[in-house]
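# Summary of structural features
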Amino acid sequence: MLEHGGRLREAAARYDIPLAGWLDLSTGINPQGWPVPPLPPEVWQRLPEEGDGLEEAAAVYYGNANLLPAAGAQAAIQWLPTLLPRAAVACISPLYSEHPLAWQRAGHKVRFLQNALLPRALAAATPYVLLCNPNNPSADQHPRAVVIEAAAQLRQRGGWLIVDEAFVDPTPELSVTPLAGTAAAPNLIVLRSLGKFFGLAGARVGFVFAGRELLDRLAEALGPWRVSGPARAVARLALQDDAWQAVARQRLVADGERLRQLLTPFGEVKATALFATLNSPHAGELHDYLAGRGIFSRRFEQQPLLRCGLPGIEADWQRLATALNDWKPA
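The paragraphs below set out a description of the structure included in this document. (Residues numbered from 1 in each chain as written. Predicted model: local features only at pLDDT ≥ 70, side-chain atom pairs only at ≥ 80, totals over all residues. Heavy atoms only, no water.)

Before going further, it helps to examine the side chain of Arg232. Of note, Arg232 is situated in helix α9 (residues 229–240). We classify Arg232 as buried; its relative accessible area is 5%. Those residues in contact with Arg232 that lie beyond four places of it in its chain are Pro48, Glu49, Glu50, Gly51, Asp52, Leu54, Glu55, Pro69 and Val227. (Helix = DSSP H or I, 4+ residues; strand = E, 2+ residues; numbered from the N terminus. Buried < 20%, exposed > 50% of the residue type's maximum accessible area, 1.4 Å probe, protein only. Contact = heavy atoms within 4.5 Å.)

The next thing to look at is the environment of Arg14. Assignment of secondary structure puts Arg14 in helix α1 (residues 8–15). Residues Arg14 and Gly292, spaced 278 residues apart in sequence, show a C-alpha to C-alpha distance of 9.8 Å.

Another point: the sheet that holds strand β12 (residues 298–300). Taken together, the four strands give an open sheet; going across it, the order is β9-β10-β13-β12, and neighbouring strands pair in antiparallel fashion. A single partner strand is all that each edge strand has here, and the edge strands are β9 (268–271) and β12. Geometrically, the sheet is characterised by an average inter-axis angle of 20° between neighbouring strands, direction not taken into account. Where β12 and strand β13 (residues 305–309) come together, three bridges link them in antiparallel fashion. Across the sheet, residue Arg299 finds its bridge partner in β13, namely Leu306. Along the sheet, helix α10 (residues 242–263) contacts β9, β10 (275–279) and β13; its crossing angle with β10, the most-contacted strand, is approximately 20°. Most of the contacts of helix α11 (residues 283–292) go to β13, to which it runs at about 40°, and overall it touches β10, β12 and β13. (Pairing = 2+ DSSP bridges. Axes fitted to C-alpha atoms, helices over the stretch in contact; angles between N-to-C directions.)

Below, the discussion takes up the nonpolar core. Inside soluble globular proteins, nonpolar side chains tend to come together where they are buried. Of all hydrophobic cores here, the largest spans 71 residues; its most connected members are Val129, Leu161, Leu194, Phe198, Phe207 and Leu239. Each residue touching Leu161, except ones within four places of it in the same chain, is listed here: Val129, Leu131, Val147, Ala150, Ala151, Leu154, Asn187, Leu188 and Ile189. Membership of the second largest hydrophobic core comes to 24 residues, among which are Leu68, Tyr128, Cys132 and Ile189. (Core = buried A, V, L, I, M, F, W, Y, C linked by side-chain atoms within 4.5 Å.)

Okay, the pattern of salt bridges next. Inspection of every chain in the model, using the stated rule, returns 12 salt bridges. Measuring nitrogen to oxygen at the nearest pair gives 2.8 Å for the salt bridge that ties Arg232 to Asp52. Of this pair, Arg232 sits in helix α9 while Asp52 sits in the loop between α2 (42–45) and α3 (54–62), placing them 180 residues apart in sequence. Across the salt bridge formed by Asp255 and Arg251, the nearest N and O atoms sit 3.9 Å from each other. (Salt bridge = Lys/Arg side-chain N within 4 Å of Asp/Glu carboxyl O.)

Within the secondary structure, Leu324 is located in helix α12 (residues 314–326). Its relative accessible area of 2% is what places Leu324 among the buried residues. Along the sequence, Leu324 and Tyr289 sit 35 residues apart, while their C-alpha atoms lie 9.3 Å from each other. Once residues within four sequence positions are removed from consideration, Leu324 is found in contact with Leu262, Leu263, Phe266, Leu286 and Leu290.

This is the structure in structure tokens:
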């Protein structure tokens, strides 16, 4: 099993700091997530059913009805490679590590292109190109027009473009979700999730956008009741809450910039609206220093990267700022 952010209990034991004493910035999840209301009893008592309005709400929010709900984007990440012919896939890396692992397990040959621009990935001439946009963990962003052109070029040679847009919700102008599986881009597959922007990671709700034939095969592979009844109810309501979404986008964009400025004195920093990533030879040292003060960030062992999510309240912002101001690299 790969390691991910949010493993706070392990950090508490390692650094001998009680759970209640931690500020967890390791995940990139909106710390002020959508406020879940009380749910009607029937969503707990009945098996989940389609026709409850979730698919329709998702089609409106994402601008595309070519969709399939799943238990988070992770379920699709694991199954999609098994449904496509074995071949080579170019991954713009570093990226969310579950992606290459799933492709390798399914028998594909993975080519890692470090910090590559999308045109370089196309030049690799692989049938599949996979990217995260915005990228996790580097925070790099690929312009929408470039992604659309990449899908068109891959289509000409019979290839597929797979885009993970888990962090795109605060900046919808980057998204290519509306095109996935349409006549304009039948070879485009997009993964979305309610975990990050909506702060509903525990609900395990995601969507796959692709052509109908591939979605039907994926539905068969995933089986019935892919998303629980309570999770379907919460997801539908969140997707329909336009007012909350507008306020959250504005706040997150401002908070992402604030976080970027906090980290800038310590190295090269790139940021999304949900996290900032520091590239520095001192990344590991800073991670340990912050952890010693009960602030949990995400360190990446194979690159000198430190990813930091957003504090949720002003006191947490001040706690992080004070710790950073006090740090003196060795």
